[in-house]
Amino acid sequence: MSRTAALLLSAACLAALPAAAQETSADLYINSALVADVTYGLNCAVEITGSIDAPDTDRGAVDVFDIPPELTPLGQIVPALMGLGFGVRARAADGVTISNATFEVFHPPFPGRGTASQSWRATYSDDAHSTHLYRFDFPYEAVTGTWVMQASVEGELLYRIPFTVIPPEDYPGARELCDPAGLLSLAPTTHKPG
């Protein structure tokens, strides 16, 4: 694929977090027959190159980026910081192509807007990764609680990754996450289902 267009919806010290708050993996699901190399985590910087219509989103559009951003694997806990993104990166399993999938984000309702779910179209191939992020661009988006990102095709779930968004003051080192010596210096890892 010469141009990997991934979508971004406008939207550190994990060891210091209580063990019970570090992961919400009970509901994590990866369909390894259909997707591979699933990575999830946080992102600080992405170069947006445009947007496309997405009527089932709060804004009515999702942003496009040509260079897929890396996701730093700091678990599924996300501080509600303006400009911070979090999401999922995956490719189709070997020999599989998935077109016309649906990527969905479920979250607590946005104050004053009521939006609690958003979705847009997604494609996955076995020779390139597809990255879907949510970035906190507006204060009303930074709602704390459980967020779930999932993708499905024809009613079959590809993956489901839950995240817990918490107040920044409850996340040790939150304000330093996007410093060059913080989040951006960490290398991503890939989840390999057992």
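The structure under discussion appears in the preceding block.
None of the values given here were measured: they were computed from a predicted structure.

### Notes on the overall build of the chain
Move 1: Scanning the chain from terminus to terminus reveals one helix and 12 strands.
Move 2: Secondary structure elements of the chain occur, N-terminal to C-terminal, as β-α-β-β-β-β-β-β-β-β-β-β-β.
Move 3: Across the 194 residues of the chain, 52% fall into the buried class.
Move 4: If you sum the accessible surface of the chain, you get close to 8,700 Å²; carbon and sulfur atoms cover 51% of it.

### A look at the nonpolar core
Move 1: With 46 residues, the main nonpolar core has F86, I98, Y124, W147, L158 and Y159 as its most contacted residues.
Move 2: Elements with a minimum of two residues in this core: β3 (35–43), β6 (77–79), β7 (85–92), β8 (98–106), β9 (117–124), β11 (145–153) and β12 (156–166).
Move 3: When residues of this core are assigned to their parent elements, the largest contribution, six residues, is made by β12.

### Topic: the pairing of strand β10 (residues 130–135)
For a regular strand, the rule is simple: side chains alternate between the two faces of the sheet.
Move 1: Burial within β10 is extensive, with six of its six residues counted as buried.
Move 2: Burial along β10 is two-sided: the face carrying S130, H132 and Y134 and the face carrying T131, L133 and R135 are both buried.
Move 3: Note that β7 and β10 share six bridges and pair antiparallel. Paired with A90 across the two strands is S130, which belongs to β10.

### Description of the side chain of T102
Move 1: Summarising the element assignment, T102 is placed in strand β8.
Move 2: Using a relative accessible area of 18% as the deciding quantity, one classes T102 as buried.
Move 3: Look past the residues within four positions of T102 in its chain and what remains in contact with it is S119, W120, R121, Q150, A151 and S152.

### Regarding the pattern of salt bridges
Oppositely charged side chains can pair when the atoms bearing their charge come close.
Move 1: Within the structure shown, the criterion is met by six salt bridges.
Move 2: Between R91 and D37 there is a salt bridge; the shortest N-O distance is 2.6 Å. Within this pair, whereas R91 is found in strand β7, its partner D37 is found in strand β3, the two being separated by 54 residues in sequence.
Move 3: D94 serves as the salt-bridge partner of R91, at 3.0 Å between the closest nitrogen and oxygen.
Move 4: In this structure R91 comes out as buried when scored by relative accessible area, which is 14%.

### Brief notes about the pairing of strand β5 (residues 61–65)
Move 1: Where burial is concerned, most of β5 is hidden: five out of the five residues are buried.
Move 2: Across four bridges, strand β4 (residues 50–53) lies against β5 in antiparallel orientation. If you follow I52 over to β5, its bridge partner there is V62.

### Observations concerning the side chain of H107
Move 1: Along the chain, H107 falls in the loop between β8 and β9.
Move 2: A relative accessible area of 6% places H107 in the buried class.
Move 3: Side chain to side chain, H107 and Q118 meet in a polar contact 2.9 Å long.
Move 4: Beyond its immediate stretch of four places on either side in the chain, H107 contacts T115, A116, S117, Q118, T146 and W147.

What counts and what doesn't
- Residues numbered from 1 in each chain as written.
- Predicted model: local features only at pLDDT ≥ 70, side-chain atom pairs only at ≥ 80, totals over all residues.
- Heavy atoms only, no water.
- Helix = DSSP H or I, 4+ residues; strand = E, 2+ residues; numbered from the N terminus.
- Buried < 20%, exposed > 50% of the residue type's maximum accessible area, 1.4 Å probe, protein only.
- Areas by Shrake-Rupley, 256 points an atom, 1.4 Å probe, with all protein chains shown as cover.
- Core = buried A, V, L, I, M, F, W, Y, C linked by side-chain atoms within 4.5 Å.
- Pairing = 2+ DSSP bridges.
- Contact = heavy atoms within 4.5 Å.
- Salt bridge = Lys/Arg side-chain N within 4 Å of Asp/Glu carboxyl O.
- Polar contact = N/O pair within 3.5 Å; in protein donor to acceptor, adjacent residues only side chain to side chain.

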